[in-house]
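Residue strings, one per chain:
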Amino acid sequence: MNRIKEALIEKGISQTELAKRLGKSFNMVNLYAMNRMQPPISVLYRIAEILNVDMRTLLIPNEI
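To keep things clear, this report deals only with the structure shown in the data block. (Residues numbered from 1 in each chain as written. Predicted model: local features only at pLDDT ≥ 70, side-chain atom pairs only at ≥ 80, totals over all residues. Heavy atoms only, no water.)

### Re the overall build of the protein chain
Under the convention used in this document: Each helix corresponds to a stretch of at least 4 residues labelled H or I by DSSP, and each strand to a stretch of at least 2 residues labelled E; elements are numbered beginning at the N terminus. The globule rule used here is 2.2 Å times the number of residues to the 0.38 power, and the radius of gyration it is set against is calculated over C-alpha atoms.
Looking only at helices and strands, the protein chain features five helices and zero strands. When its helices and strands are written in sequence order, the protein chain yields α-α-α-α-α. Taken over the C-alpha trace, the protein chain has a radius of gyration of 10 Å; the compact-globule value for 64 residues is 11 Å, and the two agree within 12%. With the C-alpha coordinates of the protein chain rotated into their principal frame, the extents come out at 30 × 25 × 20 Å.

### Side note on the side chain of Asn2
Put simply, the rule reads: Each residue gets one of three labels from its accessible area relative to the maximum for its type: buried under 20%, exposed over 50%, partly exposed in between, using a 1.4 Å probe on protein chains only. Counted as a polar contact is a pair of N or O atoms within 3.5 Å, where, for protein atoms, one must be capable of donating a hydrogen and the other of accepting one, and residues adjacent in sequence contribute only when both atoms are in side chains.
In this structure, Asn2 sits in the segment before α1 (3–11). Overall, Asn2 belongs to the buried group, its relative accessible area being 7%. Looking at Asn2, its side chain comes within polar contact range of the side chain of Asn35, at 2.3 Å.

### What to know about the packing of helix α2 (residues 15–22) against helix α4 (residues 41–51)
Just so we agree on the cut-off: Angles run from 0 to 180 degrees between N-to-C directions of axes, and those axes are lines fitted to C-alpha atoms, restricted for helices to the stretch in contact. What sets the label is the angle itself: under 35 degrees gives roughly parallel, over 145 gives roughly antiparallel, 65 to 115 gives roughly perpendicular, and the rest give oblique. The sense of a crossing depends on the near helix, which, turned anticlockwise from the far helix by less than a right angle, makes the crossing left-handed and, turned clockwise, makes it right-handed. The contact definition used throughout considers only heavy atoms, calling two residues in contact when any of these lie within 4.5 Å. As a working rule, the residues Ala, Val, Leu, Ile, Met, Phe, Trp, Tyr, Cys and Pro are called nonpolar, Asp, Glu, Lys and Arg charged, and the rest polar, with Gly in that last group.
α4 packs onto α2 with a crossing angle of 120 degrees between their chain directions and a minimal axis gap of 11 Å. With respect to α4, the element α2 is oriented oblique. Considering the relative orientation of α2 and α4, their crossing is right-handed. On the side of α2, the interface is formed by Leu18, Arg21 and Leu22, while α4 contributes Val43, Arg46, Ile47 and Ile50. Tallied by class, the residues present in the contact of α2 with α4 amount to five nonpolar, no polar and two charged.

### Focus on the pattern of salt bridges
Heads up, the condition is: Think of a salt bridge as a Lys or Arg side-chain nitrogen and an Asp or Glu carboxyl oxygen that are within 4 Å of each other.
Tallied over the full model, the rule gives three salt bridges. Residues Arg3 and Glu6 are paired through a salt bridge, measuring 3.7 Å at the closest nitrogen-oxygen approach. Here the residue Arg3 and the residue Glu6 both occupy positions in helix α1, the gap between them amounting to three residues, near one helical turn. Ionic pairing is found between Asp54 and Arg56, a salt bridge with its closest N-O pair at 2.7 Å. A residue is classified by how much of its surface remains accessible, and Arg56, at 58% relative accessible area, is exposed.

Structure follows, in structure tokens:
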């Protein structure tokens, strides 16, 4: 599972809510959450801020 998706679940925040708070479409956030697209570093920083997690947590790849 993607780190962004894991953090969303852990924090109880939906992709829809994250999209709204980022000012992005649900589809864009879904691409980030499904590992189909990497968010720009500025967006990744904002996601970390919204989810109240260290940005490095979102950058560390999942174990195989």
